[in-house]
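Listed here are the chains, written in short residue letters.
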Amino acid sequence: MFRIIPLIFCCSLFGITVMAQKKNESYQLQMRKAVSPVKIDGVIDEAAWQQADVTTQFHMVLPMDTSLAKLRTDVRMTYDDKNIYLLVENYTTGDGPYMVESLRRDFAFLKNDNFLLFMDPFDDQTNGFSFGANAAGAQWDGLMYDGGKVDLSWDNKWTSVVKNYPDKWVFEAAIPFKTIRYKKGITKWGINFSRNDLKTTEKSAWAPVPRQFATASLAYTGSLVWDAAPPEAGANVSLIPYLLGGVSKDYDKGTKEAYRRDAGLDAKVAVTSSLNLDLTVNPDFSQVDVDKQVTNLDRFELFYPEKRQFFLENGDQFSNFGYTTIRPFFSRRIGLGGVPIRFGARLSGKLNKDWRLGVMNMQTGKQEETGLPAQNFTVAALQRRVFSRSNLGFIFINKESVNYDPSKVTEQQPVYNKYNRNMGLEYNLASSNNFWTGKAMLLKSYSPGKTGHDMAHAANLQYTSKEWNIGWQHEYVGRNYNAEVGYVPRQGYMKIAPQITHLFFPLSGKVLSHGPQVTSTWFFDERNFHRTDNETILNYGIVFRKRNTLNVWASNTYIQLLQPFDPTNTGKDSLPTGSQHNWNTVGADYVSKPQSLFTYALSARYGGYYADGTRLMTNTELGYRFQPYVSIALSANYNYINLPKPWGINSFWLVGPRLDVTMTNTLFFTGFMQYNGQQKNMNLNTRFQWRYRPASDLFIVYTDNYLPEPFFVKNRALVLKLVYWFNI
């Protein structure tokens, strides 16, 4: 009976979605070709700007979405044969300097005075591009997907300038047609503009957006109407080579210094104006931030996000298929842990307004130490838009060991599967007004020696209005379901997770909104529908008009262990399979208002734990900025766990100070340290970046790992990397 529920959900999701006109169709900005050259300098003195249409009446989104914005924002757009031009006058109250976090690229939206453009070249209300800047000139750019999410890992060539005046700050930008993807001949694009001002705590948008949604929501874009079809981008081939030199030393093993001399190449080829081919040979990701460490008290594998740009750019078709704990494809399975990536290719983009394609192939080399063979990874995804904003998706994933026979492996080496494959279908619901969203998914895996109970399916449905957020989700993962290139930390279960939130909106006072939320998560064994876990949380949240927030909550947790588990993850001992544990917890979380130069976030929880023990956890995040050049942050997490013998009293500190220095919007220094008391490791990472040309960088990266006591150096490395982007 349980397994037919997704079919019922799928039918109901189809029934909810109907064809509808775009909500803000009446909001239109006329786009005319420039009558003069445009110089990107923040000065409005060209004839092209004098004759361009201007839109000036923005709508308030926060604190309330029932009036026009108090701050004036004027926007103009024009174009020539090579670029789209944007000019924005952001008027201020004139009672003090702008408020920004730093000059760091792809800044945090809520911590900066900023202006953002959301552009939907296919007018499909699903995918697009975002560009913007904060009031100090730091750039923001990203790929848009899922109707309103922005992937800020995307980095491309465009230019902008911010100039400050006594009563306003002006943002001027040139976006090359070669930078974006669009369909030839389409003369109406979806578009919206968003402004955030911290002094007045006002967030606004040109085309009105309900306050419960992000201003990036493509369901609420207006229209950019061209006077003629945009010009073709023409031949569009970019080559991005890199040169690298480095040295490392492993003091733990006592080995000599190891020197690196390396080179590689990325290439971007526009197959059409909306379809792109990305190629990589011998890629290197040494400049990518190391993972943020956590105190691990979990029974299952932890999730660490992908940070390597090649996998992130336009990768939402692959990485967002499924749910947070049922991902059939997770790119971190490729090329980490010392496994070299030899080459890769990805073809992705729009075939037309309704069809979207993504195909990726990666080849890794073998690893002698572990006996891991060379492997080939292929992922193919196809997506078809249905109704106004929903879509149907298909995915195929294949992992193949190259020239490898498991039967010939010696006893001293681990055995790897010859292959692992996954196929899946997915329906994503998004109603025309975004009030109804959901997903229904079905997956099947193919692995040697594993048949039966090798499927996974899940569905969710969510209703979001200003006052109510009501959701339901359920999952089933068979005990033989195997996604070796995915992230599925748990098998052999069924899960049910309802949640409901209600908000109240006082007409005046310091509180903007407040209300209760109830979430409940239940896990059952797939064999007999026997309860193994459940957690119910009652939360009361308060959002203040200054944007500081407070949450107070209480929870009840029940766990029946499915396998032995060490509740401290230190290797002292393990609780037995089948043992039952139940406890209550209370907690609170507070985040300060973002307008202050000094910001902080505090959270704490206290309650029971495994084996009738107790646990106290506190977390503190402090930040101070000398805007716009220096930002200092400190995070400190403390866990105190009291258990019966043999564990006894355990205390774990996790401390991470971070320094960001942004000398200009092209010159950056980042340094941070992580001390993990549970793993007994101290990590130091520093990175200097000089963006000497658009999308071209020089990196100097230094890393150290220490044993805190007696402060023994474990390993260290220094890398110098030069990247240059040029168009053919």
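Preceding this section is the structure that the text describes.
Quick caveat: nothing in here was measured; it's all calculated off a predicted structure. (Residues numbered from 1 in each chain as written. Predicted model: local features only at pLDDT ≥ 70, side-chain atom pairs only at ≥ 80, totals over all residues. Heavy atoms only, no water.)

Undergrad: I'm lost on the nonpolar core in this one. Help?
TA: The nonpolar side chains of soluble globular proteins are, as a tendency, buried together. Core analysis: the biggest nonpolar cluster contains 39 residues, and I84, F171 and F193 have the highest contact counts within it. Contributions of two or more residues to this core are made by β1 (28-33), β4 (73-79), β5 (83-91), β6 (114-120), β7 (128-134), β11 (168-176), β12 (188-197) and β14 (222-226). Among the elements that take part in this core, β11 stands out by supplying four residues, more than any other. If we ignore the near neighbours within four places in the chain, the residues touching F171 are L86, L87, V88, N90, F115, G132, A133, W158, S160, V161 and V162. Listed in part, the 27 residues of the second largest apolar core include M362, A381, I397 and Y493. (Core = buried A, V, L, I, M, F, W, Y, C linked by side-chain atoms within 4.5 Å. Buried < 20%, exposed > 50% of the residue type's maximum accessible area, 1.4 Å probe, protein only. Helix = DSSP H or I, 4+ residues; strand = E, 2+ residues; numbered from the N terminus. Contact = heavy atoms within 4.5 Å.)

Undergrad: I tried to follow unusual backbone geometry on my own but got confused; where do I start?
TA: With glycine set apart, most residues show a phi of negative sign, and most peptide bonds adopt trans. Cis geometry marks the peptide bond from L62 to P63, where omega comes out at 5 degrees. Structurally, P63 can be placed in the loop between β3 (59-62) and β4. Residue P628 is reached from Q627 by a cis peptide bond, and omega for that bond is 0 degrees. Inspection of the secondary structure assignment puts P628 in the loop between β32 (614-626) and β33 (630-642). Even without a glycine there, the phi angle at N282 is positive, about 50 degrees. By the secondary structure assignment, N282 is in the loop between β17 (275-281) and α3 (309-312). The phi dihedral of D612 is positive, around 60 degrees, even though this residue is not glycine. Taking the relative accessible area as the measure of exposure, D612 reaches 76% and is therefore exposed.

Undergrad: Is there a simple way to think about the environment of P708 in this case?
TA: As for its position among the elements, P708 is in the loop between β37 (696-707) and β38 (712-723). Residues P708 and N114 lie 594 residues apart in sequence; the distance between their C-alpha atoms is 41 Å. Not counting residues up to four positions away in its chain, the partners in contact with P708 are Y675, K680, N681 and M682.

Undergrad: Which parts of the structure should I look at to understand a nonpolar patch on the surface?
TA: A cluster of nonpolar side chains, namely L597, F598, L622, Y624, F626, I632, L634 and L659, defines an oily patch on the protein surface of about 640 Å² accessible area. Those elements giving two or more residues to the nonpolar patch turn out to be β32 and β33. Ranked by the residues each element gives to the nonpolar patch, the list is headed by β32, at three residues. Topologically, F626 is positioned in strand β32. Its relative accessible area of 46% is what places F626 among the partly exposed residues. (Patch = residues over 30% accessible without salt bridge, like charges linked within 9 Å, V, L, I, M, F, W, Y side chains within 5 Å. Areas by Shrake-Rupley, 256 points an atom, 1.4 Å probe, with all protein chains shown as cover. Salt bridge = Lys/Arg side-chain N within 4 Å of Asp/Glu carboxyl O.)

Undergrad: Got a minute to help me understand the packing of aromatic side chains in this structure?
TA: The description of an aromatic ring pair rests on the distance of the ring centres and on the angle between the ring planes. One pass over the structure, following the stated rule, counts 36 aromatic pairs. A centroid spacing of 6.2 Å and a plane angle of 85 degrees characterise the contact between Y27 and W206, whose relative ring orientation is edge-to-face. Of this pair, Y27 sits in the loop between α1 (5-16) and β1 while W206 sits in the loop between β13 (202-205) and β14, and the two are 179 residues apart along the sequence. Judged by relative accessible area, W206 falls into the buried class, the value being 3%. Here a set of aromatic residues connected by ring pairs shows up, and it is made of Y27, F115, F171, F193 and W206. Lying across the ring of Y446, K444 places its NZ or CZ 5.1 Å from the centre. (Phe/Tyr/Trp six-rings, centres within 6.5 Å; stacked < 30°, edge-to-face > 60°. Lys NZ or Arg CZ within 6 Å of the ring centre and 35° of its normal.)

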